[in-house]
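Each chain, written out:
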Amino acid sequence: MTLPGGEISKRELHFIWIVDCSGSMRDDGKIQSLNYAIREAIPHMQREAESNFQANLLVSALKFSTGAHWIIPPTDVNSFKWIDVEAKGHTDLGQALVLLSEILHIPPMTNRGLPPVLVLLSDGQPTDNFEDGLNKLLQEPWGKKAIRISIAIGEDANMKVLQQFIGSDERSPLLARNPEALSNYIRWVSTVVQSASARPRSQQKNDELHDSNVEIPKPPEMISTATDVW
């Protein structure tokens, strides 16, 4: 949409980190690697957003362990600062998805926004009712149309659950076996996926879409010589 005088009206694009902070994330420095990777990706995310004339990027973060809590509300990307998280407790992913569904409701979301980007990072498997939480998320139009990405932190992550969260046969969970791979995947989703999500192939409004009308490029292949493997 172009306003009088030629100025482009930007549409809201919500980018939401959903972070596993359960006790197992203490092992092998996984939680420290996650904190570092997201902090390191922020400047790249901000530069990518500057070149995007269609979207106003808002970043937020939700953590889950025993229960789930918002740690960062929707914040303009240029003001976004990561708050380091600590690991303890269970893996209440279902509760996290219920909280997520509430913020994706209309309101507070608008009808005019772009499909939100939801990035789930986890190293284990849910300890609560994941299916009910996912169903609640998918009942919301923006939950259903969201670009859902999942990153497995280590070999013990439940890949079936992470695939269910994605909800598309066209994409699979990204498996980060070491800190280097985790940093690379987080930077990729912060920049490439962010950019693609702001440029949908069409502006059609169709609640029956099984996925958003956004084409996501293939993720980078992680070829690493690192000896430390999760």
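The rules behind the values
Residues numbered from 1 in each chain as written. Predicted model: local features only at pLDDT ≥ 70, side-chain atom pairs only at ≥ 80, totals over all residues. Heavy atoms only, no water. Salt bridge = Lys/Arg side-chain N within 4 Å of Asp/Glu carboxyl O. Helix = DSSP H or I, 4+ residues; strand = E, 2+ residues; numbered from the N terminus. Buried < 20%, exposed > 50% of the residue type's maximum accessible area, 1.4 Å probe, protein only. Core = buried A, V, L, I, M, F, W, Y, C linked by side-chain atoms within 4.5 Å. Contact = heavy atoms within 4.5 Å. Axes fitted to C-alpha atoms, helices over the stretch in contact; angles between N-to-C directions. Parallel < 35°, antiparallel > 145°, perpendicular 65-115°, else oblique. Left-handed = near helix turned anticlockwise from the far one by under 90°. Nonpolar A, V, L, I, M, F, W, Y, C, P; charged D, E, K, R; others polar.

Draft legend 1. Fine view of the pattern of salt bridges. According to the stated counting rule, one finds four salt bridges in the structure shown. A salt bridge links Glu40 to Arg187; the shortest N-O distance between them is 2.1 Å. Placement of Glu40 in helix α1 (residues 30–50) and of Arg187 in helix α6 (residues 179–197) is noted, with a sequence separation of 147 residues between them. By relative accessible area, which is 21% here, Glu40 ends up partly exposed. Note on Arg187: relative accessible area 32%, which makes it partly exposed. Notably, a salt bridge pairs Glu155 with Arg177, separated by 2.6 Å at the nearest N-O pair. One end of the pair, Glu155, is in the loop between β5 (147–153) and α5 (159–166); the other, Arg177, is in the loop between β6 (174–176) and α6, and 22 residues separate them in sequence.

Draft legend 2. Representation of the nonpolar core. Grouped together as the largest cluster of nonpolar side chains are 47 residues, with contacts concentrated most on Trp17, Leu34, Trp82, Leu121 and Leu182. Only β1 (11–20), α1, β2 (55–65), β3 (67–76), β4 (117–122), β5, β6 and α6 provide two or more residues apiece to this core. Those residues within four positions of Leu34 in sequence are excluded, and the remaining contacts are Val19, Met25, Trp82, Val85, Leu121, Ile153 and Leu182. Of all hydrophobic cores here, the second largest spans 25 residues; its members include Leu62, Leu97, Ile103 and Ala152.

Draft legend 3. Main features of the packing of helix α3 (residues 130–139) against α5. Packing of α3 against α5 leaves a shortest axis separation of 11 Å and a crossing angle of 15°. Classified by the interaxial angle, the pair formed by α3 and α5 is roughly parallel. Handedness of the α3/α5 crossing: right-handed. Taken together, the residues of α5 that come into contact with α3 (itself represented by Phe130, Glu131, Leu134 and Leu137) are Val161, Gln164 and Phe165. Grouping the constituent residues of the contact of α3 with α5 by class yields five nonpolar, one polar and one charged.

Draft legend 4. Structural context of unusual backbone geometry. Pro107 follows Ile106 through a cis peptide bond whose omega is -20°. Within the element layout of this structure, Pro107 appears in the loop between α2 (93–103) and β4. The step from Pro107 to Pro108 runs through a cis peptide bond, and the omega angle for that step is 15°. Secondary-structure assignment places Pro108 in the loop between α2 and β4. With a phi close to 55°, Asp28 is a non-glycine residue in the positive phi region. Here Asp28 is to be found in the loop between β1 and α1. For Asp28, a relative accessible area of 63% translates into the label exposed.

Draft legend 5. Local environment of the packing of α1 against α6. Running from N to C, α1 and α6 point in directions that differ by 25°, and their axes come no closer than 9 Å. Between α1 and α6, the crossing angle belongs to the class labelled roughly parallel. Taken as a pair, α1 and α6 cross one another with a handedness that is right-handed. Contacts from Ser33, Leu34, Tyr36, Ala37, Ile38, Glu40, Ala41, His44, Met45, Glu48 and Ala49 of α1 reach α6 at Pro179, Leu182, Ser183, Ile186, Arg187, Ser190, Thr191, Gln194 and Ser195. Looking at side-chain class alone, the contact of α1 with α6 contains 10 nonpolar, seven polar and three charged residues.

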